[in-house]
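Observations on the model geometry
Here is how the chains run, residue by residue.
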Amino acid sequence: MSDTPTPREALARQLAEAVAEALRSDLAQRERALLVVSGGSTPVPFFHALAAMALPWSRIDVTLADERWVAETADDSNARLVREHLLRGAAAEARFVPLTSDAATPEEGAAEVGRRIAALAWPASVVILGMGGDGHTASLFPDSRELDLALSTDEPVVAVRTPSQPQPRITLSADRLHQAFRHFLHITGEEKRAVLGRALAGDDTRSLPIRAFLASPLSIHWAP
Ligand code: 6PG
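- An unreviewed UniProt entry annotates the protein as 6-phosphogluconolactonase of Halomonas stenophila.
- In UniProt, the protein has this text filed under Pathway (unreviewed entry): "Carbohydrate degradation; pentose phosphate pathway; D-ribulose 5-phosphate from D-glucose 6-phosphate (oxidative stage): step 2/3."

1. A look at the packing of aromatic side chains
- One pass over the full model with this rule turns up one aromatic pair.
- Ring centres of Phe46 and Phe47 lie 5.9 Å apart, and the angle between their planes is 50°; on these two criteria the pair is classed as tilted.
- A relative accessible area of 1% means that Phe46 is categorised as buried.
- Residue classification places Phe47 among the buried positions, given a relative accessible area of 0%.
- Geometry around Trp122 places Arg176 over its ring, the cationic atom sitting 4.5 Å from the centre.

2. A look at the pattern of salt bridges
- Applying the stated criterion across every chain, the model contains 14 salt bridges.
- With a shortest N-O distance of 2.6 Å, Asp148 and Arg206 are connected by a salt bridge. You can see Asp148 sitting in helix α5 (residues 147-152) and its partner Arg206 sitting in the loop between α7 (190-201) and β9 (219-223), a full 58 residues away along the chain.
- Residue classification places Asp148 among the partly exposed positions, given a relative accessible area of 42%.
- Each of the salt bridges in this network shares a partner with another, and the network as a whole consists of Arg32, Asp61 and Arg95.

Thresholds applied
Residues numbered from 1 in each chain as written. Predicted model: local features only at pLDDT ≥ 70, side-chain atom pairs only at ≥ 80, totals over all residues. Heavy atoms only, no water. UniProt positions renumbered as here; feature names shortened; annotations may be inferred. Phe/Tyr/Trp six-rings, centres within 6.5 Å; stacked < 30°, edge-to-face > 60°. Buried < 20%, exposed > 50% of the residue type's maximum accessible area, 1.4 Å probe, protein only. Lys NZ or Arg CZ within 6 Å of the ring centre and 35° of its normal. Salt bridge = Lys/Arg side-chain N within 4 Å of Asp/Glu carboxyl O. Helix = DSSP H or I, 4+ residues; strand = E, 2+ residues; numbered from the N terminus.

Here you go:
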């Protein structure tokens, strides 16, 4: 077993240190901090590294940028991912507010979740976004019927449906995701570097929704 971290492990540790520092800095200014994380597979080593950081976890709220329309027990639930990989050890003292809902429809779920997260410590201390190979971030997908709404509404949470995903999604709107002191972009994979390059150079947010966040101050963390 090599002691040398892989590029993705090294990136995860570097990102965890930067996020921990941003949280400490915010907690020096106010009683509670808010950390908004993304799901998928990339964040797992980062979650492990952040959970090991010495932080006043009982003063930190945690929520998600988006969620699949599934139960928390589902294999692809982002809430389950956070509970299993981030909220462990001392980090289990954080106040986690998932986006999961048992409402009858994703639209009713979005309205319920919007009310639920209103009580969190907005603006967020940190929002961490990922990016898919199609340039989506959170659940702002280029082929979703509700993309224009998610990019333009001042509602906090939107239900979206997209042919590229097996189930509807609940996502924070772009307006709500912008409400943060710091944004971090956490991306892995050689194939995504080209997509990120197009997003940085391009001018069409509808085809590459990640562009909605590239103008704001953003710390980009990428590894092959
Ligand atoms: C999700 C995430 C999503 C993710 C991208 C990239 O629910 O899947 O919030 O926006 O960040 O799909 O996922 P990977 O980093 O696992 O490729």
